Amino acid sequence: MSEVHDVVIIGSGPAGLTAAIYTDRANLHPLVLEGEPSSNSDQPGGQLMLTTEVENYPGFVDGIMGPELMANFRAQAARFGAEFRTVKAGKVSFDGPPHRLWVEGEEIQARAIIVATGARSLMLNVEGESKLLGYGVSTCATCDGFFFRDREIAVVGGGDSALEEALFLTKFASKVTLIHRRKELRASKIMQDRALRHPKMAFLWDSRVSRVNGETAVESVTVEDVNTGTTTDLPVSGLFVAIGHVPNTDLFKGWLDMEDSGYLITRHGSTFTNVGGVFAAGDVQDHVYRQAITAAGSGCMAAIDVERWLEATGSADHEIADTPRNW
Ligand code: NAP
């Protein structure tokens, strides 16, 4: 039988890595399944790998770049001996403890599991979008902004992400048009002020993108006025989609309780899921706050919950066969 880990952490964003730091320091020798590099946000380091400057993470007076912040988190977790595997969990079976999961066909067992798989970008699901993803359609200004030097581009969305992406893109593009389905922006006041007064930014209100046009690269987007239904083609060479996120929870369907929207349900004020020994932290269970600092905070909570759970139910040195399944 394979080794039974005290704790396996699935995910390596602020929640997963904070949980790693805390469980490390509690001598629980966490194994972190950090995901695989991909074009979306379910990659090692999570969504901050796809962001630019983080100005509101406490402790960094002048701000810090997202990828650098996550590299620091990881180095801090590694310092105490956390084990990392750059893989995705392919299947889980939460019928323990010990609970089981599989990576690349190999079975891994754990007395406790922290789910910190985060969320990924929502897409518009309009004609041309998936065909041109990577050929002008993007969800990551940091990754792709450079390719649009002196070009005209569009950003869809009205939240902080959209405005952050749009403002970043003004460094490269000659013009950035923000297309938003309402007349008011959802973003924070400070971001609104910056965007609204930026000379390179234009706004299309009450508008939705109904088609992305181009054969091998984006040439224009068809924009529909939501009030009149009239359409116009906006010539752009890039379309950045920043309309929010969906939690990465497909793997846990049938095991963990989740809302209709897919967000995991945790017991109020804790990181306990409906299954004993399985905990959830970060954006995978939070559609309200969704900040790096709140994700990190809930990663810390998960680590403490795990520590107490293992103490109460039998840790490495104890018999675990009679551990209650639902706690
Ligand atoms: P969000 O706040 O949920 O905003 C999503 C935006 O996309 C909304 O304006 C929404 O329109 C629009 N939208 C949603 N579905 C759409 C569709 N199918 N077609 C067209 N437009 C659509 O998401 P977010 O901007 O990713 O932000 C998520 C959270 O992270 C927020 O709490 C935000 O404050 C935070 N955040 C903070 C920072 C920062 O502080 N630096 C940066 C990024 C994000 P409606 O407004 O009409 O609903």
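In this text the structure is predicted, and so the values were computed from the model without any measurement.

Enquirer: Describe the overall build of the chain, with residues and values.
Expert: Broken down by element type, the chain carries six helices and 19 strands. In summary, the chain has a C-alpha radius of gyration of 22 Å against a globular reference of 20 Å for 327 residues, a match within 12%. Counting every position in the chain, which comprises 327 residues, the buried fraction comes to 53%. Pairs at least 24 residues apart make up 61% of the contacts formed inside the chain by residues separated by at least 6 positions. Taken as a whole, the chain presents about 15500 Å² of accessible surface, with 49% of it coming from carbon and sulfur. Charged side chains of the chain number 29 positive and 43 negative; the gap between the two group centres comes to 5 Å.

Enquirer: Give me helix α1 (residues 14–25): which residues, what numbers.
Expert: The terminal C-alpha atoms of α1, which comprises twelve residues, lie 17 Å apart, in line with the 16 Å expected from a rise of 1.5 Å per residue. Among the twelve residues of α1, ten are classified as buried, and the element is accordingly described as predominantly covered. In this structure, the buried residues of α1 make contact with β1 (4–10), β2 (31–33), α2 (66–79), β5 (83–85), β8 (106–115) and α6 (292–313). Downstream of α1 by one or two residues, asparagine 27 has phi in the positive range, about 65 degrees.

Enquirer: Explain the packing of α1 against α6 residue by residue, including any values.
Expert: Angle between the axes and distance between the axes are the two parameters that describe a pair of packed helices. Where α1 meets α6, the axes come as close as 7 Å, and the angle between the chain directions of the two elements is 35 degrees. Where α1 crosses over α6, the handedness of that crossing is right-handed. Facing Pro14, Ala15, Thr18, Ala19, Tyr22 and Thr23 of α1, the residues of α6 in contact are Ala292, Ala295, Ala296, Gly299, Cys300 and Ala303. A class-by-class count of the residues in the contact of α1 with α6 yields nine nonpolar, three polar and no charged.

Enquirer: So, the site of the ligand: which residues are in play, and what are the values?
Expert: Around the ligand lies a shell of 18 residues, among which Asp160, Ser161, Glu164, Arg182 and Arg186 are the nearest. At 2.6 Å, a side-chain N or O of aspartate 160 approaches an oxygen atom of the ligand. A distance of 2.9 Å separates a nitrogen atom of the ligand from a polar side-chain atom of glutamate 164. With the chains in place, 77% of the 910 Å² that the ligand exposes on its own is no longer accessible. Here the shell around the ligand gets three residues from one element, more than from any other, and that element is helix α4 (residues 160–169). Of the residues contributing to the shell around the ligand, the split by class is three nonpolar, nine polar and six charged. If you count residues domain by domain, the shell around the ligand takes at least three from each of domain 1 (4–120 + 245–313) and domain 2 (123–241).

Enquirer: Lay out the sheet that holds strand β11 (residues 152–156) in plain terms, naming residues and giving numbers.
Expert: If you trace the five strands from one edge of the open sheet to the other, you get β10-β17-β11-β12-β13, paired in parallel fashion. Pairing within the sheet leaves two strands with one partner each, and these edge strands are β10 (137–138) and β13 (201–204). In the sheet, strand β12 (residues 175–179) pairs with β13 via four bridges, with the strands oriented parallel. Bridge pairing links valine 176 to methionine 201 in β13.

Enquirer: Give a description of the domain arrangement of the chain that names residues and reports values.
Expert: By domain assignment, the chain separates into domain 1 (4–120 + 245–313) and domain 2 (123–241). Computed over C-alpha atoms only, the centres of domain 1 and domain 2 are separated by 31 Å.

Enquirer: I'd like a description of the environment of glycine 158, backed by residues and values.
Expert: Relative to the elements of secondary structure, glycine 158 occurs in the loop between β11 and α4. According to the relative accessible area criterion, glycine 158 is buried, its value standing at 7%. For the pair glycine 158 and leucine 178, spaced 20 residues apart in sequence, the C-alpha to C-alpha distance is 7.9 Å. Every residue in contact with glycine 158, bar those within four places of it in the chain, is listed here: Leu163, His180, Leu185, Arg186 and Ala187.

Enquirer: Now, about the packing of aromatic side chains: what can you tell me, with residues and values included?
Expert: Scanning the entire structure with this criterion turns up eleven aromatic pairs. Taken together, a centroid distance of 5.2 Å and an interplanar angle of 5 degrees make the contact between phenylalanine 203 and tryptophan 205 stacked. With a relative accessible area of 31%, tryptophan 205 lands in the partly exposed category. Here the aromatic residues Phe146, Phe147, Phe168 and Phe172 are joined through ring pairs into a cluster of three or more. Over the ring of tryptophan 102 we find lysine 91, and its NZ or CZ is 4.4 Å from the ring centre. The ring of phenylalanine 272 carries the charged tip of arginine 267 above its face, separated from the ring centre by 4.9 Å.

Enquirer: I'd like a rundown of the nonpolar core, residues and numbers included.
Expert: Membership of the largest hydrophobic core comes to 32 residues, with the highest contact counts inside it found for Ile114, Phe279 and Val306. Put simply, the parts of the chain that give this core at least two residues each are β1, α1, α2, β8 and α6. Counting residues per element, this core draws most heavily on α6, at seven residues. Apart from residues no more than four positions distant in its own chain, valine 306 is found in contact with Val7, Leu28, Ala112, Ile114 and Phe279.

What counts, and at which threshold
Residues numbered from 1 in each chain as written. Predicted model: local features only at pLDDT ≥ 70, side-chain atom pairs only at ≥ 80, totals over all residues. Heavy atoms only, no water. Helix = DSSP H or I, 4+ residues; strand = E, 2+ residues; numbered from the N terminus. Rg over C-alpha atoms; globule rule 2.2 N^0.38 Å. Buried < 20%, exposed > 50% of the residue type's maximum accessible area, 1.4 Å probe, protein only. Contact = heavy atoms within 4.5 Å. Areas by Shrake-Rupley, 256 points an atom, 1.4 Å probe, with all protein chains shown as cover. Lys, Arg positive; Asp, Glu negative; His and termini not counted. Charge placed at Lys NZ, Arg CZ, Asp CG, Glu CD. Expected span 1.5 Å × (residues − 1). Axes fitted to C-alpha atoms, helices over the stretch in contact; angles between N-to-C directions. Left-handed = near helix turned anticlockwise from the far one by under 90°. Nonpolar A, V, L, I, M, F, W, Y, C, P; charged D, E, K, R; others polar. Near = heavy atom within 4 Å. Polar contact = N/O pair within 3.5 Å; in protein donor to acceptor, adjacent residues only side chain to side chain. Domains from an automatic or database assignment. Pairing = 2+ DSSP bridges. Phe/Tyr/Trp six-rings, centres within 6.5 Å; stacked < 30°, edge-to-face > 60°. Lys NZ or Arg CZ within 6 Å of the ring centre and 35° of its normal. Core = buried A, V, L, I, M, F, W, Y, C linked by side-chain atoms within 4.5 Å.

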